[in-house]
Protein chains: 2
Amino acid sequence: MVSIEDVAQRAGVSTATVSRALSGNGPVSAAAREKVADAATALGYVVSSSASSLASGRTKNVGLIVPYLARWFFISAVEGAQQALMRHGYDVTLYNLSGGGGERDSVFDVFLQRQRIDGIIAISLELSPVEVASLHALGKPVVGVGGPIEGVRTLTVDDVAISRLATEHLLALGHERIAHVGGSETYDLDFHIPTNRRVGYELALREAGIEPRPEYFTSADFTIEGGYHAAKQLLGNPRSRPTAIFAAADEMAIGCILAARDLGLVVPRDVSIIGIDGHELSEFFGLTTIAQYPRAQGEHAVDILMNELRPGKHAEVPGNIPLGYDLIVRSSTSRPTG
Amino acid sequence: MVSIEDVAQRAGVSTATVSRALSGNGPVSAAAREKVADAATALGYVVSSSASSLASGRTKNVGLIVPYLARWFFISAVEGAQQALMRHGYDVTLYNLSGGGGERDSVFDVFLQRQRIDGIIAISLELSPVEVASLHALGKPVVGVGGPIEGVRTLTVDDVAISRLATEHLLALGHERIAHVGGSETYDLDFHIPTNRRVGYELALREAGIEPRPEYFTSADFTIEGGYHAAKQLLGNPRSRPTAIFAAADEMAIGCILAARDLGLVVPRDVSIIGIDGHELSEFFGLTTIAQYPRAQGEHAVDILMNELRPGKHAEVPGNIPLGYDLIVRSSTSRPTG
DNA sequence: ATGAAAGCGCTAACAA
DNA sequence: TTGTTAGCGCTTTCAT
């Protein structure tokens, strides 16, 4: 292993100068800086993270906490955050809360406690008060994506506004019998999305003078299958088939499209379908959706975190930062026929 | 921050004893062990990873290298590995090679060099000789999943055998005009899968006395869209439409199913479709497939790595370990009609 | 079985 | 601008 001493010797300076030259902290003459750089590359020297961490208290590593991994939204956010962090020279340690059992607890009680990270990005997490407390007790900056987490700066989309917009799109097209496929409550591992989205939906309806009908609400898993089964129920109703479905996520909406097809219905002629997410498959299915940008959200979270990690930072007041979204109209929605 | 000294004081022993008691290395009396455990929990003490790493040379952290993140196979493998590692008390640092640019190089030149990991799990990686050399130079154990990587223990599925089995399934049903949707060569970021799968396909055909027809081979991206477009081409052919399609991955196969439907063809009556993977959506689409178990593969890789990390380990000879797979027959394949 | 003490490789005062 | 040096918190000989 090549150590800082080897570099110092080869460059003809002290280890302190090597440290300063390589880290950029502290004054170093141009000449020394160059000698050090040369020696370091010649020897293939890379700072030992544990030694550096121990001495400086900084780890150059951040923790990414996610409730699930295997869903498009989360991986996209993780990927965005990871690549941004890498550009800043940071490693990423991944904590996945799914899997049940004591694993979730040990993340908070053990893994996050070992001084391995400088900060945390929590993606779409719904945390218990104990967990929030344990996070704060770490004394490290935390940035939430999709939160909100109490006392934590969080990037949030306004879920009520989004689902209101989705519903208004259908209303504006002339639909009146609009159903909603929302999340099941057990899915609230990630915050209150299901509830908020339902609220926006009902708000828009009432504003248009339409009273939400209970038989037009179905809850389902946030998956293609979940949406499929829900839509089968909704669309199979012989009494009052809805003319449009607003699904709380694109994966569900895709399931709705497939269900409609299986019933011999043509989208959008017989039923309009809109989702939320901007899922990678939404374009393929011609799905009208409200795009969110999880990848960009991950990157944005990194920006904020890096700012809080900067030495001379001004601790910003925690508060929510609204995120952008866009209605993307494709071929799954149209005016109702007949 | 509560340090080992605090625990030692409270337990009335030396820091050395605390270290031994907590790590399980070295002899400690039952009495002392208990006192230490009590003190540690009372104080909420957790070993500082950097201090421990620096002193011992062990980090309790492993690196996971993946070529992409956003595909089912990879996330599943990552998830399996991550959860298994957590059970062993290991953190996971994620290195994603996608994203192009200098990022890939810096993973090998910088990130992996900082002594932050005890070992590496490389998932489905096709590495350049330089990269392999740099991996070996780390002197840390490496386990590959899906490799093979030279000089590295690797879990591999026999891709030739798998695609042969898939093709034989179709042959046994009586199909003769069997097309293959394989991977594009540019997709070879992850090893030689496309090639191997094609080889197995052609082997099975020839064995059955059928000469593979070039117009029955199409390459595509490993996505639903890729499979969709490929199948449109294949099935739109007015001269000699294949009666069956073997897709190199389930995502492609699902695309094929959707393409067939859009053409008004009924699966499997008009065309049989088989994939490979055991993708989470395969059941929903009734897709006959050859299941691999990426999650289990990730876990298995961890077992091997943990074994190599054990102090008294016998360095095993590098070699490939074959993985299991299963033909799962569903409703997308049947005898050809007419 | 236990404790004293010497580092692990680096950073950050402090002095020069 | 540079070097000297005292730790950072823990592990691990080596005595006892």
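As the structure is a computational prediction, the values presented were derived from the model and not from experiment.

Quick notes on the rules
Residues numbered from 1 in each chain as written. Chains lettered and ligands numbered in written order. Predicted model: local features only at pLDDT ≥ 70, side-chain atom pairs only at ≥ 80, totals over all residues. Heavy atoms only, no water. Helix = DSSP H or I, 4+ residues; strand = E, 2+ residues; numbered from the N terminus. Buried < 20%, exposed > 50% of the residue type's maximum accessible area, 1.4 Å probe, protein only. Domains from an automatic or database assignment. Near = heavy atom within 4 Å. Polar contact = N/O pair within 3.5 Å; in protein donor to acceptor, adjacent residues only side chain to side chain. Nonpolar A, V, L, I, M, F, W, Y, C, P; charged D, E, K, R; others polar. Pairing = 2+ DSSP bridges. Least-squares fit on C-alpha atoms with pLDDT ≥ 70 in both. Contact = heavy atoms within 4.5 Å. Core = buried A, V, L, I, M, F, W, Y, C linked by side-chain atoms within 4.5 Å.

Now for the environment of Ser128 of chain B. Topologically, Ser128 of chain B is positioned in the loop between strand 3 (119–123) and helix 7 (129–137). Taking the relative accessible area as the measure of exposure, Ser128 of chain B reaches 28% and is therefore partly exposed.

So, about the domain arrangement of chain A. Along its sequence, chain A is carved into domain 1 (4–56), domain 2 (61–157 + 294–322) and domain 3 (159–291). Between the C-alpha centres of domain 2 of chain A and domain 3 of chain A the distance comes to 30 Å.

All right, on to the protein's contact with DNA strand D then. Taken together, 24 residues surround DNA strand D, and among them Ser29 of chain A together with Ile4, Ser19, Tyr45 and Arg58 of chain B come closest. With respect to DNA strand D, the backbone of Leu54 of chain A contributes an N or O atom lying 3.4 Å from a base oxygen. Elements represented by at least two residues in the surface near DNA strand D include exactly helix 2 (15–23) and helix 4 (49–56) of chain A together with helix 2 (15–23) and helix 4 (49–56) of chain B. Considered class by class, the residues forming the surface near DNA strand D number 13 nonpolar, eight polar and three charged.

A separate point is the pairing of strand 5 (residues 153–156) of chain A. Residues and elements named next belong to chain A. The side-chain alternation of strand 5 yields two buried faces, one formed by Arg153 and Leu155 and the other by Thr154 and Thr156. Direction of pairing for strand 4 (residues 142–145) relative to strand 5: parallel, over a ladder of three bridges. Across the sheet, the residue bridging to Gly144 is Thr154, located in strand 5. Sheet topology note: the strand 5/strand 11 (residues 320–322) ladder contains three bridges and is parallel. Following the sheet pairing, Thr154 is matched in strand 11 by Asn320.

What follows covers the protein's contact with DNA strand C. Around DNA strand C, the surrounding shell holds 24 residues, and the nearest of these are Ile4, Ser19, Tyr45 and Arg58 of chain A together with Pro27 of chain B. Looking at DNA strand C alone, sugar and phosphate atoms form 67% of those within 4 Å of the protein. Between a phosphate oxygen of DNA strand C and a side-chain N or O atom of Tyr45 of chain A, the distance comes to 2.4 Å. Between DNA strand C and the protein, one listed contact pairs a phosphate oxygen with a backbone N or O atom of Ser14 of chain B at 2.8 Å. Of all the secondary-structure elements, those providing two or more residues to the surface near DNA strand C are helix 2 and helix 4 of chain A together with helix 2 and helix 4 of chain B. The biggest single contributor to the surface near DNA strand C is helix 4 of chain A, with four residues. Here the residues of the surface near DNA strand C sort into 13 nonpolar, eight polar and three charged.

As a further point, take the relation of the copies chain A and chain B. Here chain A sits on chain B after a turn of 180° about the axis and a move of 0.0 Å along it, with an RMSD of 0.1 Å. In short, the pair behaves as if placed about a two-fold rotation axis. Taken as a fraction of all interface residues of chain A, those also at the interface in chain B reach 100%, which identifies the copy contact as same-surface.

Glancing now at the nonpolar core. If you look at the biggest cluster of nonpolar residues, it comprises 147 residues, and the most contacted ones within it are Ile245 of chain A together with Ile245 of chain B. What Ile245 of chain B contacts, discounting residues up to four positions off in sequence, is Leu170, Ala179, Val181, Ala231, Leu234, Leu235, Cys256, Val271, Ser272, Ile273 and Ile274 of chain B.

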